[in-house]
Amino acid sequence: VCSSDLTDNDAASLELSPSTLSLAEGGSAGTYTVALGSEPTAPVTVTVSGSAQVVVSPMEVTFTSANWDGAQTISVTPLDDDLDEGTSETVVLENVITSADSTYNVLPNEDVTVTIADNDEAGYTVSPFSDISVVEGGSSVSKSVVLSSAPTSVVDVNIVYLDSEFSVVPSVLTFNSTNWSTMQTFLVSAIDDVLVESAHTGHINFTTTSADAIYNAVSGGSLNVFVSSEDTADRKSVV
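So, how was this worked out
Residues numbered from 1 in each chain as written. Predicted model: local features only at pLDDT ≥ 70, side-chain atom pairs only at ≥ 80, totals over all residues. Heavy atoms only, no water. Pairing = 2+ DSSP bridges. Helix = DSSP H or I, 4+ residues; strand = E, 2+ residues; numbered from the N terminus. Axes fitted to C-alpha atoms, helices over the stretch in contact; angles between N-to-C directions. Contact = heavy atoms within 4.5 Å. Polar contact = N/O pair within 3.5 Å; in protein donor to acceptor, adjacent residues only side chain to side chain. Phe/Tyr/Trp six-rings, centres within 6.5 Å; stacked < 30°, edge-to-face > 60°. Buried < 20%, exposed > 50% of the residue type's maximum accessible area, 1.4 Å probe, protein only.

1. So, the sheet that holds strand β6 (residues 60-63)
Sheet strands pair via backbone hydrogen bonds, and the direction of the pair is either parallel or antiparallel. The strand order across the open sheet built from five strands is β2-β9-β8-β4-β6, with neighbouring strands paired in mixed fashion. The sheet is open, and its two edges are formed by β2 (20-24) and β6, each paired on a single side. For this sheet, the mean angle separating the axes of adjacent strands, direction not counted, is 20°. Here five bridges tie strand β4 (residues 44-48) to strand β8 (residues 88-99), and the two strands are oriented antiparallel to one another.

2. So, the sheet that holds strand β13 (residues 155-160)
Strand order in this open sheet of five strands is β11-β18-β17-β13-β15, and the pairing throughout is mixed. Strands at the two margins of the open sheet, each flanked by one partner only, are β11 (132-135) and β15 (172-175). With strand direction ignored, the average angle separating the axes of adjacent strands in the sheet is 20°. Sheet topology note: the β13/β15 ladder contains four bridges and is antiparallel.

3. Focus: the environment of Val172
Relative to the elements of secondary structure, Val172 occurs in strand β15. Residues Val172 and Thr208, 36 residues apart in the sequence, show an inter-C-alpha distance of 9.3 Å. Here Val172 is in contact with Asp156, Val157 and Asn158, once residues within four sequence places are set aside.

4. Side note on the side chain of Ser38
Its place among the elements puts Ser38 in the loop between β3 (30-36) and β4. There is a polar contact of 3.5 Å between the side chain of Ser38 and the backbone nitrogen of Ala12.

5. Points about the environment of Tyr124
Considering the arrangement of structural elements, one finds Tyr124 in strand β10 (residues 124-127). As a C-alpha pair, Tyr124 and Trp180 span 56 residues in sequence and 9.4 Å in three-dimensional space. What Tyr124 contacts, discounting residues up to four positions off in sequence, is Val145, Val146, Leu147, Ser148, Val157, Phe206, Thr207, Thr208, Val218, Ser219 and Gly220. A polar side-chain atom of Tyr124 sits 3.3 Å from the main-chain carbonyl oxygen of Phe206.

6. Description of the pairing of strand β16 (residues 184-190)
Across five bridges, the pairing between strand β12 (residues 141-147) and β16 is antiparallel. Bridging from a neighbouring strand, Ser142 pairs with Leu187 of β16. In this structure, strand β14 (residues 166-169) lies alongside β16, joined through four bridges in antiparallel fashion. Bridge pairing in β16 places Val169 opposite Leu187.

7. Concerning the packing of aromatic side chains
Counted by the stated rule, this structure contains two aromatic pairs. When the ring of Phe186 is compared with that of Phe206, the centres are 6.0 Å apart and the planes differ by 55°; the resulting orientation is tilted. With Phe186 in strand β16 and Phe206 in strand β17 (residues 200-210), this residue pair connects regions lying 20 residues apart in the sequence. What makes Phe186 buried here is its relative accessible area of 0%. Assessed through its relative accessible area of 1%, Phe206 is described here as buried.

The values reported here are purely geometric and, on their own, carry no functional implication.
And the structure:
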């Protein structure tokens with residue numbers, strides 16, 4: 001009597017390759033493949049959970065007894081938003097298995113980890129970023145300010161100066177998630193008095209306040225303000 005033991009070398013499994021992706025906002029899509037380890041007795045559907053940070057296509061693939069031995073490709077495209085999210089952000093895509101084949105239906109879900117490099121940086125631009133020269137009784141000098149990324153809360157750009165020789169109007173520019181990319185303007189004017197004064201140099205500093213932790217207390221540097229007087233002393237001849 002002869003007997004033999006047969007060992008099945010096929011096992012139900014879900015195979016993802018690679019299981020990690022490194023992408024960049026504004027960059028190209030990445031891909032990974034999904035494959036089965038054995039022929040199923042009923043169709044096997046793998047559904048990929050989405051993320052607000054990426055576009056997944058397709059979000060669902062199905063394997064049958066006809067195509068089970070071929071890998072299917074999932075494309076992952078990073079969304080290019082306007083938020084400063086730090087150096088990078090990590091999202092996890094869950095691959096969920098459903099099937100009437102009991103050996104596949106009980107398999108745990110498999111994850112793909114996606115790291116996305118951010119291309120936004122919180123800050124603001126003062127344009128033109130150059131020193132200011134004003135004359136008493138003369139024209140004002142205009143400067144424009146715009147944020148470099150969308151804030152998650154209101155951002156006040158404060159134009160700070162402690163000087164009685166010139167004024168800044170307005171001294172606070174307010175940005176939000178809607179108007180952050182629209183330039184706002186402030187004017188610097190010399191105070192027109194009747195005093196005979198030498199040329200004066202003052203300073204403007206830029207700071208921010210916001211409930212957005214990334215934007216709060218962002219420094220924008222400082223500018224010099226040169227003020228010239230139009231007043232001269234009267235000189236009279238004494239006879």
